[in-house]
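# Topology and contacts: notes
Read off the chains here:
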Amino acid sequence: MPQKGYGKSRAAFRRALDVMPGGVNSPVRAFRSVGGEPFFVRKAVGCRITDEDGNHYVDYVASWGAMIAGHAHPAVARAIRRAAGRGTSYGAPTLLEVELAEAIRRAVSSMEMLRLVSSGTEACAHAVRLARGFTKRPKIVKFDGCYHGSSDALLAKAGSGALTFGLPDSAGVTEGAARDTITVPYNDLGAARAAFEAAGGEIAAVIVEPVAGNMGVVPPADGFLEGLRDLCDSAGALLIFDEVITGFRVSYGGAQVKYGVRPDLTTLGKIIGGGLPCAAYGGRREIMNLLAPIGPVYQAGTLSGNPAACAAGLATLKLLRKKGVYGRLEERSAALEKGLREAAAGAGIAVCINRVGSMLTVFFREGPVVDRASASGSDTVAFARFHAAMLEEGIFLPPSQFEAWFVGLAHGEKEIEATIRAARKAFRTAAAR
Ligand code: HOZ
């Protein structure tokens, strides 16, 4: 246990359990799949979190990828303060929204027009509705283990917390809502082709995480994304890239720029809000022009394009445009991957490390991990021991085998080395039975 114990976090969790289901506002935060209880955060600066008891951790959760610039970055905090001083929500348009939308479009050129919303869940649900409105078709294809937020139609064979807690097909989703969702294995172009052969004329869209991040990190196989593009083109369906995690993460223009495949619609979240609630969906102009008030597809939101969130997002994107940023992220992340591989080998434990840029997962099994079935073969008990041992050493990892670790601009050599040192011990703990 960290030297200061967990007394205050424990007391906070007791109170939380009484007033919030599972004591949390998002399931994976409850630590249930790794055992133990969550610590409660008092503050975070850079890549370091301090809990209510005064324990410090190097943070690889990074608000699930949102905090690429680090916590409380002075430029981002300044932008939020400036915006908040002018009022935090108007229900009327602001220039900040236009500036953020333009900055996003400059980076992600497939988003000829876009709409700002407040969460990735919203962005994906609305993108699917828009695809159905545009194609006038009912069905969507999604991939087993991909997670596109917690809306009904997308909670079929879902990843993230739904996978972690064994609820990939959530209770409460009606048969009707799930009926039009076809699920196929990730990286399996043959299965996707078969889905099109069976129902091609009814498929409105394929929605995919171009790098899967919610069953742990799983890169796209060579030709997978290109193959999906071709299938959609041949069948008149739309290709939706869910870049809520990968947008501005795997490159400034996201996975579509990295892999050179242009989707019809894209969803973004996390980084574009700089740590405040902001997300977006967008794509071809002719599709986006179907949205109300100019078209028949409805979508609205009181906090959409919130000025403080737009200011935080703009400040974050400005930091990411600086020369050498993605090179530095790659270098640090590669050093971390290498150190983790050596540490695992030294402890005699078989792992598969999947990494794309600054997102990585250590799967507790031999590789390759290419889809949900192979990810699920991981030794989650060993992962839980590893997670607890890392926490003891002051390293905060996502409390689930099936999530991504995120390296950000604030992780320096010192923190990477400390993480590798901690992992040497933690892999030995995980290996011991
Ligand atoms: N869906 C997020 C992980 N992929 C978890 C969000 C949270 O708990 O904050």
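One structure accompanies this document, and this report is about it.

Rules used in this analysis
Residues numbered from 1 in each chain as written. Predicted model: local features only at pLDDT ≥ 70, side-chain atom pairs only at ≥ 80, totals over all residues. Heavy atoms only, no water. Helix = DSSP H or I, 4+ residues; strand = E, 2+ residues; numbered from the N terminus. Expected span 1.5 Å × (residues − 1). Buried < 20%, exposed > 50% of the residue type's maximum accessible area, 1.4 Å probe, protein only. Contact = heavy atoms within 4.5 Å. Polar contact = N/O pair within 3.5 Å; in protein donor to acceptor, adjacent residues only side chain to side chain. Near = heavy atom within 4 Å. Areas by Shrake-Rupley, 256 points an atom, 1.4 Å probe, with all protein chains shown as cover. Nonpolar A, V, L, I, M, F, W, Y, C, P; charged D, E, K, R; others polar. Pairing = 2+ DSSP bridges. Axes fitted to C-alpha atoms, helices over the stretch in contact; angles between N-to-C directions. Phe/Tyr/Trp six-rings, centres within 6.5 Å; stacked < 30°, edge-to-face > 60°. Lys NZ or Arg CZ within 6 Å of the ring centre and 35° of its normal.

Here the focus is helix α14 (residues 380–392). Here α14 is 13 residues long and its end C-alpha atoms lie 18 Å apart, about the 18 Å a rise of 1.5 Å per residue gives. Taken as a whole, α14 has its buried residues at A382, F383, A384, F386, H387, A389, M390 and L391. Those residues of α14 hidden inside the fold are in contact with β3 (56–59), β13 (395–396), β14 (405–406) and α15 (413–431). Its side-chain oxygen placed 3.1 Å from the backbone nitrogen of V381, D379 serves as the N-cap of α14. A positive phi of about 85° marks G394, the residue just after α14.

Close to the ligand lie S26, V28, R29, W64, Y147, S160, N214 and E403. Note that an oxygen atom of the ligand is positioned 2.8 Å from one of the side-chain N or O atoms of S26. A distance of 3.0 Å is found between a nitrogen atom of the ligand and a side-chain nitrogen or oxygen belonging to E403. Isolated, the ligand exposes 290 Å² of accessible area, and the fraction of that covered by the protein chains is 85%. Considered class by class, the residues forming the shell around the ligand number three nonpolar, three polar and two charged.

Okay, the pairing of strand β7 (residues 203–208) next. In the case of a regular strand, side chains alternate between the two sheet surfaces. Burial of β7 is extensive: six of the six residues sit out of reach of the surface. Across three bridges, strand β5 (residues 139–144) lies against β7 in parallel orientation. Directly across from I140, in β7, lies its bridge partner A205. Inspection of the sheet shows β7 paired to strand β8 (residues 238–242) by four bridges, in the parallel sense. What sits directly across from V208, in β8, is F241.

The strand order across the open sheet formed by three strands is β11-β12-β14, and the pairing between neighbours is antiparallel. Strands with a single pairing partner mark the edges of an open sheet, and in this sheet they are β11 (352–356) and β14. As paired elements, strand β12 (residues 359–363) and β14 share two bridges and run antiparallel to each other. Each residue of the ladder has a partner; that of M359, found in β14, is F406. Of the strands in this sheet, β11, β12 and β14 are in contact with helix α12 (residues 325–347), which crosses β11 at around 180°.

The next point concerns the packing of aromatic side chains. Within the structure shown, the criterion is met by 15 aromatic pairs. Here F143 and Y186 contribute two aromatic rings whose centre-to-centre distance is 6.1 Å and whose plane-to-plane angle is 90°, an arrangement assigned as edge-to-face. Of the two residues, F143 is situated in strand β5 and Y186 in the loop between β6 (181–185) and α7 (189–199); the sequence distance between them amounts to 43 residues. Relative accessible area serves as the criterion here: at 0%, F143 is assigned to the buried category. Between F386 and F427, the aromatic rings sit 4.5 Å apart at their centres with planes inclined by 25°, giving stacked as the arrangement. With F386 in helix α14 and F427 in helix α15, this pair connects stretches of sequence that are 41 residues apart. Classification of F386 by relative accessible area gives buried; the value is 0%. Residue classification places F427 among the buried residues on the basis of a relative accessible area of 0%. Taking the ring centre of Y259 as reference, the NZ or CZ of K258 above it sits at 5.8 Å.

Before going further, it helps to spend a moment on the side chain of T50. Its location among the elements puts T50 in strand β2 (residues 48–51). In this structure T50 comes out as buried when scored by relative accessible area, which is 9%. Here the side chain of T50 touches H56 through a polar contact of 3.2 Å, side chain to side chain. Setting aside anything within four residues of it in sequence, one finds T50 in contact with V41, R42, K43, N55 and H56.

No statement about biological role is implied by the geometric values presented.
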